[in-house]
Amino acid sequence: MTYTVFITGATGYIGGEVLYQLLNNADGLNFEVTALVRTESKAANLIAKTGSRVKAVLGDLDDTELIKKYTEASDIIINTANVDHVPSAEALSEVLVASLKPKILIHTSGTSVLGDGIKAKKPPATKIYSDSNNIGELNSLPLAQPHRPVDAIVLDIHDKNPKIETIVIAPSTIYGISNGYDNLYSIQIPFLISASLKNKQAFTVYDGNYIWSRVHIKDLGDLYYLVLHKLIKKESLPVNREGYYFGSLTIQDAPNSAAPTEIEHTWKEISQTIGKKLYERKLVNSAEIVELQPQAIIELTGDDFAPAYWGTNSRSRGDNGKLIGWKPKYTSKQEFLDSIDDDIDHIIKNLKF
Ligand SMILES: NC(=O)c1ccc[n+]([C@@H]2O[C@H](COP(=O)([O-])OP(=O)(O)OC[C@H]3O[C@@H](n4cnc5c(N)ncnc54)[C@H](OP(=O)(O)O)[C@@H]3O)[C@@H](O)[C@H]2O)c1
């Protein structure tokens, strides 16, 4: 059987990995994929790199009529473009709620949704969210939290039309090089590297003692595929309001302590690693890091959200993934820290200032 898939963000880091997994799956499932792509040159590149196994439709998330048309025409919708784009989520929702045919929606969010705000002094972060044990709390996060407006639209769909199964995958800090087709690099750490170079010194938001969880892009791709496979095969798994999956490593019996476990990092640790690596390469004059205020970081980066990338706590555990048999292969913290070298290589190659 062939399944029709409409994917957004296929030229991106996450979407490229997900598309790769669809096209290279080992269980013989056949996907007829249409990707929303923004430019002709990106479309041509995607088609060439996938050996013409993907159709590209030219458009933007703001083209809501196009989003509706391809949502209507597809069995499976995978949304990996801009996770905060409300109009396209509303367009998806409108079609799915009215659909007479069963369909699957896999939507991407992010664990910034758990972020605890930016303050000069915060108590140590002991709050750890499990996508399984804390599902009630996750379903009632305030709309003011990042990504939450679109999450809320997606999570309502099944209540309005039980024919539609929805999954939200919320990745934590993603690292590693994607198997994708265009952008192969993540956002959070590469952006911190380029901002550090612009600042001529690595830095933290205030003292940088904020904890995040992590996942390798290839493990994250495995999670998308596993969830999709189980939905297609009608195997039991948490779906809809329970179908919230953190793309985060998980650990058995971890103490609820304020110190990061081996599956987490502080942004101070990442900044120190960046400082050391940039200094070793003679790209900055000191390996020391400096504490910056949020406003200085906004001015440095031109991005109002930048302080939140590196100045919040977001401790998450991908327990739902584990429950359905997701087995991340990339678990070493040292390899995670070492991967910053690849990001530095990438940033230097594409330096724009
Ligand atoms: N990377 C992470 O660590 C991480 C973690 C959690 C959540 N997220 C979120 O997940 C989403 C995807 O992240 P990513 O790392 O894959 O980003 P990315 O590499 O920049 O990819 C974004 C993809 O979405 C497409 N896109 C963006 N805006 C669009 C629009 N208005 N219309 C149509 N297509 C659009 C891009 O197309 P072009 O190729 O034309 O630019 C690209 O294909 C982002 O919203 C990000 O905030 C990322």
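Since this is a predicted model, take the numbers as computed values, not measurements. (Residues numbered from 1 in each chain as written. Predicted model: local features only at pLDDT ≥ 70, side-chain atom pairs only at ≥ 80, totals over all residues. Heavy atoms only, no water.)

Peer 1: So what's going on with the site of the ligand? Which residues, and what values?
Peer 2: Residues in close proximity to the ligand total 22 residues, the closest being Thr 11, Tyr 13, Lys 42, Leu 61 and Asn 183. In this structure, Gly 12 approaches the ligand through a main-chain N or O atom, which is 3.0 Å from an oxygen atom. A distance of 3.2 Å separates an oxygen atom of the ligand from a polar backbone atom of Ala 81. Expressed as a share of its isolated accessible area of 890 Å², the protein-covered part of the ligand is 82%. One can see that the ligand is located within the largest pocket. Looking at the shell around the ligand, its residues break down into nine nonpolar, 10 polar and three charged. (Near = heavy atom within 4 Å. Polar contact = N/O pair within 3.5 Å; in protein donor to acceptor, adjacent residues only side chain to side chain. Areas by Shrake-Rupley, 256 points an atom, 1.4 Å probe, with all protein chains shown as cover. 1 Å grid on protein atoms, 1.4 Å probe; cavity = no way out; pocket = protein on both sides within 12 Å on 5 of 7 lines; lining within 4 Å. Sits in = over half its atoms within 2 Å of the grid points. Nonpolar A, V, L, I, M, F, W, Y, C, P; charged D, E, K, R; others polar.)

Peer 1: Please give an account of the sheet that holds strand E1 (residues 2-8) that cites residues and values.
Peer 2: The strand order across the open sheet formed by seven strands is E3-E2-E1-E4-E5-E7-E11, and the pairing between neighbours is parallel. On the outer flanks of this sheet lie strand E3 (54-58) and strand E11 (244-247), each paired with one strand and no other. Between one strand and the next, the sheet's axes are offset by a mean angle of 20°, whatever the strand orientation. In terms of strand pairing, strand E5 (residues 103-108) meets strand E7 (residues 164-171) through six bridges, oriented parallel. Its bridge partner being in E7, Lys 103 is matched across the sheet by Ile 164. Taken strand by strand, helix H6 (residues 148-160) contacts E5, E7 and E11, and its axis lies near 150° from that of E7. (Pairing = 2+ DSSP bridges. Helix = DSSP H or I, 4+ residues; strand = E, 2+ residues; numbered from the N terminus. Axes fitted to C-alpha atoms, helices over the stretch in contact; angles between N-to-C directions. Contact = heavy atoms within 4.5 Å.)

Peer 1: Go over helix H10 (residues 294-301), please, and point to the residues and values.
Peer 2: Burial in H10 covers these residues: Pro 294, Ile 297, Ile 298, Leu 300 and Thr 301. When H10 is viewed along its axis, its buried side chains cluster within an angular range of 165° and face the same direction. Of the surrounding secondary structure, the elements contacted by the buried residues of H10 are helix H7 (188-199), strand E9 (203-205), strand E13 (290-292) and helix H11 (306-311). (Buried < 20%, exposed > 50% of the residue type's maximum accessible area, 1.4 Å probe, protein only. Arc of directions from axis to C-beta.)

Peer 1: Would you mind going over the pairing of strand E4 (residues 76-79) in detail, with residue names and values included?
Peer 2: Of the two faces of E4, both are covered, the one formed by Ile 76 and Ile 78 as well as the one formed by Ile 77 and Asn 79. Across four bridges, E1 lies against E4 in parallel orientation. Bridging from a neighbouring strand, Thr 8 pairs with Asn 79 of E4. Pairing between E4 and E5: four bridges, direction parallel.

Peer 1: Residues and numbers for the side chain of His 158, please.
Peer 2: Residue placement: His 158 occurs in helix H6. Setting aside chain neighbours within four positions, we find His 158 in contact with Ile 164, Glu 165 and Asn 240.

Peer 1: Now, about the pattern of salt bridges: what can you tell me, with residues and values included?
Peer 2: Inspection of every chain in the model, using the stated rule, returns 17 salt bridges. The partner of Lys 55 in a salt bridge is Glu 32, and the shortest N-O contact between them spans 3.7 Å. Of this pair, Lys 55 sits in strand E3 while Glu 32 is found in strand E2 (residues 30-37), placing the two residues 23 residues apart along the sequence. Among the salt bridges present, the one from Arg 317 reaches Glu 264, with a minimum N-O distance of 3.0 Å. Highlighted residues: Arg 317 in strand E14 (residues 316-317) and Glu 264 in strand E12 (residues 264-266), separated in sequence by 53 residues. (Salt bridge = Lys/Arg side-chain N within 4 Å of Asp/Glu carboxyl O.)

Peer 1: I'd like a description of the packing of helix H3 (residues 64-72) against helix H4 (residues 86-98), backed by residues and values.
Peer 2: Close contact between H3 and H4 brings their axes to 9 Å; oriented N to C, the two are set at 35°. For the element pair H3 and H4, the recorded crossing hand is right-handed. Residues Thr 64, Ile 67, Lys 68, Thr 71 and Glu 72 of H3 form the contact with H4, whose participating residues are Pro 87, Ser 88, Ala 91, Leu 92, Glu 94, Val 95 and Leu 96. The residue inventory of the contact of H3 with H4, partitioned by class, reads six nonpolar, three polar and three charged. (Left-handed = near helix turned anticlockwise from the far one by under 90°.)

Peer 1: Explain the domain arrangement of the chain to me, and be specific about the residues and the numbers.
Peer 2: Each assigned domain of the chain is listed here: domain 1 (2-181 + 214-247) and domain 2 (188-213 + 256-345). The interface of domain 1 with domain 2 comprises 43 residues on the first partner and 45 residues on the second. Across the domain 1/domain 2 interface, buried area totals approximately 3,500 Å², and carbon plus sulfur atoms make up 58% of it. Summed over the shared surface of domain 1 and domain 2, the number is one salt bridge. Measuring nitrogen to oxygen at the nearest pair gives 2.9 Å for the salt bridge that ties Lys 329 to Asp 222. At the boundary of domain 1 and domain 2, one finds 22 residue pairs in polar contact (both at pLDDT 80 or more). Listed by contribution, the elements that provide at least two residues to the side of domain 1 that touches domain 2 are strand E6 (129-130), strand E8 (173-175), strand E10 (211-216), helix H8 (217-232) and E11. Broken down by element, the residue count for the side of domain 1 that touches domain 2 peaks at eight residues, all from H8. (Domains from an automatic or database assignment. Buried area = accessible area lost by both parts, 1.4 Å probe.)

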